[in-house]
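Examination of the molecular architecture
Each chain, letter by letter, is given below.
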Amino acid sequence: MIPPTHLRRILPFTIGLLVILALFTPIRYLDWVGWFGSLSQRLVAPISHPLSSLARWLAPAGKRVADDDAVRVLEESLEEVKSQMLREMQENARLQRLIDELNVVVSVNPKQAIRQVYAPVYGSASDMASGVLSVRAGRREGVEQNTVATAMGLQLLGKVVSVTDRTCTVVPITAKASGQVGAMVMLDNSTNGLFCRLEPTGNGTLRGQAEHRRNNATAAPIEPVIGQAVRLSDTDRWPRSAQMLIIGTVEAVEPAPGQPLRSVITVRPTVADLTRVSEVLLRISAPGEDSKPSSAVAAPPSRQGGTP
Amino acid sequence: MNWLAFAAVAWVFLGLEKGLRDALELGSTGASPSFVFGLLTFIAISAQSTTALWAAIALGLAMDLVFNVPLQGGAGTVNIPGPHALAYVLGTQFILSLRGVMVRRNPLSMGFLALVGFLVCSATLLAIFTTKATLGVPIEWDATRKLLEGLGSSLYTGVLATLLGLVLIPLAPFLGLPSHQQRRFGRRA
């Protein structure tokens, strides 16, 4: 046991060390702390996970449309098929352009295997940015950085930003930390929608200016309409298997400040609060698959269990 | 103070903080209560000043390890040791300077001290992370929003600490801290 007088003497030195670590140490030299962080998170998980599950059960994320189980299953199947179809169409259009440009024959593997892993949320990952989720699945389950997470149905939830052996951290698309996301307002069942770049507002919605386009036949401007579906279309920052997943529906359309002919849309996810989901579905691609131009075929999901 | 009992209670409170933080958030305001600071307030009221400051460092470092700091644009997360520890030390020091004029056995005193202590703590965290963001560290940081969140969280932590006081004050002997309720019924020396 250290005598109290010694504790008093070393206190100023400890505080000085903390000041250096907190303020002046570049983050590239703090990688070693991650191991202790991971260990600490595993230690508190037995307490935080049951509490988090209970709280999320009492106040679930909820879906904005009331439905029973049968309708929900049908809706999810419909969304799965729709997403696959749109992804195929987008992919076909891209490949067609590629073929036209290069004038070569491209052989395409149309079967991209995606393993889906259900994993429970066991707490909040950060107290500095609200909504960042700690999820109980990690490298052992094949999760890696940039793995896509979805919520109920094919609602895009977010992306894995850091991963340890047994846990990972998911930043939802509605969290400020996730940054901008490219999206498409779906005008019909084709991929000829209006592009937009959406930014999280901090209140569970995303907002951004929609592309200005006119109808070729009538020259009338094509405006987004409240209720239209908005899907992910951001090949620069998101894996190919995530394209055309649902971001949400258009909740409000208003003229852009200073540019009255352009529209600013507000998009709300189909899950009322993405930060309150109790379980996420991680879509794990086979290594290197996401770099291949191919369409997605989803395998049956497996359920993640055990203590982290 | 019995450090082993403290570690056990701290473990439970860290679990509460991690598990219930999102669930207890006030809508989308980002304001949520801190269980860990409630515990620290109780220790700062009851323990010797050096003990309280070491407890602040221990709990702060645990918070730094359990909670990550997201980087800009979804580029990952990082554990930065120190910000919470320093913030808790300053918050504790503020409580230590005020505890002499408070009725220590009253849960309302604990609520008030938690409120003002957490304000100091939030201001310190704000200063540290704003400095880091200004120095070019690519952390996701919105100072104005965090200031408002800090104010809301302080009020919320004050309310929670009042309730925690009802649980923690009887737990004082288990933590090896002087029980302020003993004197009401015990024989005075």
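This write-up is about the structure you can find in this document. Quick caveat: nothing in here was measured; it's all calculated off a predicted structure. (Residues numbered from 1 in each chain as written. Chains lettered and ligands numbered in written order. Predicted model: local features only at pLDDT ≥ 70, side-chain atom pairs only at ≥ 80, totals over all residues.)

Points about the overall build of chain B
- The secondary structure content of chain B amounts to seven helices and two strands.
- Listed N to C, the secondary structure of chain B is α-α-α-β-β-α-α-α-α in terms of helices and strands.
- By residue count, 52% of the 189 residues in chain B fall in the buried class.
- For chain B, the share of sequence-separated contacts (at least 6 apart) that also reach a separation of at least 24 residues comes to 71%. (Helix = DSSP H or I, 4+ residues; strand = E, 2+ residues; numbered from the N terminus. Buried ≥ 20, exposed ≤ 12 C-beta atoms within 10 Å, placed from the backbone. Contact = placed C-beta atoms within 7 Å.)

Let's talk about the interface of chain A and chain B
- Taken residue by residue, the interface counts 53 residues in chain A and 48 residues in chain B.
- Secondary-structure elements contributing two or more residues to the side of chain A that touches chain B are helix 1 (4-24), helix 2 (31-58), strand 1 (112-124), strand 4 (156-163) and strand 5 (168-172) of chain A.
- Top element by residues in the side of chain A that touches chain B is helix 2 of chain A. It accounts for 15 residues.
- Considering only residue class, the side of chain A that touches chain B consists of 26 nonpolar, 21 polar and six charged. (Nonpolar A, V, L, I, M, F, W, Y, C, P; charged D, E, K, R; others polar.)

A closer look at unusual backbone geometry
- Despite not being glycine, A:Asn146 shows a phi value in the positive range, around 80°.
- Its place among the elements puts A:Asn146 in the loop between strand 2 (133-135) and strand 3 (148-150).

Things to note about the packing of helix 5 (residues 107-134) of chain B against helix 6 (residues 143-171) of chain B
Residues and elements named next belong to chain B.
- Two numbers describe how helix 5 lies on helix 6: the axes approach to 7 Å, and their chain directions differ by 150°. Relative to helix 6, helix 5 is oriented roughly antiparallel. Crossing angle aside, the handedness with which helix 5 passes helix 6 is right-handed.
- Here the residues of the contact of helix 5 with helix 6 sort into 17 nonpolar, ten polar and one charged. (Axes fitted to C-alpha atoms, helices over the stretch in contact; angles between N-to-C directions. Parallel < 35°, antiparallel > 145°, perpendicular 65-115°, else oblique. Left-handed = near helix turned anticlockwise from the far one by under 90°.)

Thoughts on helix 3 (residues 49-66) of chain B
- Helix length check: helix 3 of chain B (18 residues) gives 25 Å between terminal C-alpha atoms against 26 Å at 1.5 Å per residue, within 8%.
- Summarising burial for helix 3 of chain B: 14 of the 18 residues are buried, a large majority. (Expected span 1.5 Å × (residues − 1).)

Digging into the sheet that holds strand 7 (residues 194-200) of chain A
All names here are of chain A.
- Ordered by their spatial adjacency, six strands build a closed barrel running 6-7-8-11-10-9, and the pairing between neighbours is antiparallel. Put simply, the sheet's adjacent strands are angled 40° from each other on average, direction ignored.
- Bridging between strand 8 (residues 206-209) and strand 11 (residues 259-268) involves four bridges; their strand directions are antiparallel. Of the residues in strand 11, the one forming a bridge with Gly-208 is Ile-265. (Pairing = 2+ DSSP bridges.)

A look at the nonpolar core
- Membership of the largest hydrophobic core comes to 119 residues, with the highest contact counts inside it found for A:Val280 and B:Leu40.
- In terms of residue count, helix 3 of chain B provides more of this core than any other element does, twelve residues in total.
- Ignoring anything within four residues of it in the chain, the contact list for A:Val280 reads A:Ala119, A:Val121, A:Val135, A:Ala149, A:Ala151, A:Leu157 and A:Val170. (Core = buried A, V, L, I, M, F, W, Y, C linked by C-beta atoms within 7 Å.)

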